[in-house]
Each structure stands twice: as structure tokens, then as C-alpha cells.
Amino acid sequence: MSAAIAIRTSPTFDGTFSTTSTEANPELGQFIKATAAKALQKAAPSASNFKVTLSNDLDGVAPTSERSIYNHYGFVSVTATATTCAGKSITLTGEFNTHGNELQMVDIQR
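Here is a short report on the structure shown in this document.

What counts, and where the lines are drawn
Residues numbered from 1 in each chain as written. Predicted model: local features only at pLDDT ≥ 70, side-chain atom pairs only at ≥ 80, totals over all residues. Heavy atoms only, no water. Helix = DSSP H or I, 4+ residues; strand = E, 2+ residues; numbered from the N terminus. Contact = heavy atoms within 4.5 Å. Phe/Tyr/Trp six-rings, centres within 6.5 Å; stacked < 30°, edge-to-face > 60°. Buried < 20%, exposed > 50% of the residue type's maximum accessible area, 1.4 Å probe, protein only. Patch = residues over 30% accessible without salt bridge, like charges linked within 9 Å, V, L, I, M, F, W, Y side chains within 5 Å. Areas by Shrake-Rupley, 256 points an atom, 1.4 Å probe, with all protein chains shown as cover. Salt bridge = Lys/Arg side-chain N within 4 Å of Asp/Glu carboxyl O.

A few points about the side chain of Thr 84
- Looking at the secondary structure, you find Thr 84 in the loop between strand E2 (75-83) and strand E3 (89-97).
- If sequence neighbours within four positions are ignored, Thr 84 has contacts with Ser 46, Ala 47 and Ile 90.

This is the structure:
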């Protein structure tokens, strides 16, 4: 397991939602995307053309921001798609747990 990626926090955070940062955390985003791509590659070794997206339900707030993570109890939603050597699409959906630095609740559709 890699070293933990720190969640960027607002210097004015006082434990309330309104003081959380909406700034994206690119290091965390890259780590989550790499983790999802590796999980999809493990499930389908012949897969290629990976595309990984992070999402949330908060308008104007990055999925890897402190506010989004706080609002979703430490989880970031991730969807990864790839194409198998047979030309079929394979999709991974799951939640990345920022407290444990691991992908959880994974569902792979072939």
C-alpha cells in the first residue's frame, strides 16, 4: 500500500460544512484514478483504453475537495471504463474510502 494522501483542509475549518474547502486535491484524484484503473485491469487483464471519472452530487464542488469528502463521510465516487480485447466494454463503479485509502463497494459490469 502506498503512503496516505493527505486531504487538503481549509485553515478556517471549525468542524462545520460551511468552513470546508471546495478546492480540488489533484494528488488524491490521481491516486484514486490509478487505484481504480489497477482494480479494473486486475479484473480484466486484456482491458485497454481506460477512462476514470470521479463524481459527486454537489454543484460547483470538486469530488476530491474537503467539502465533498466531508459531505460523503470520507468517500469519493469513482467510475472506470475500459475495452476488452474482444471489443466489449467493462465498467467498474465503487467508492474510494479516503480514511483507509482503498476502493470499496466495487461493482464490475461486463
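Some remarks on the packing of aromatic side chains
- Here the structure, examined in full by the defined rule, presents one aromatic pair.
- Taking the centre distance of 5.8 Å and the plane angle of 80 degrees together, the rings of Phe 31 and Phe 96 count as edge-to-face. With a gap of 65 residues between them, Phe 31 in helix H1 (residues 26-43) and Phe 96 in strand E3 connect regions that are remote in the sequence.
- For Phe 31, a relative accessible area of 17% gives the class buried.
- Overall, Phe 96 belongs to the buried group, its relative accessible area being 0%.

Some words on a nonpolar patch on the surface
- Taken together, the side chains of Phe 13, Phe 17 and Tyr 70 define a hydrophobic patch exposed on the protein surface, amounting to about 260 Å² of accessible area.
- The topology assignment puts Tyr 70 in helix H2 (residues 66-71).
- Given a relative accessible area of 37%, Tyr 70 falls into the partly exposed group.

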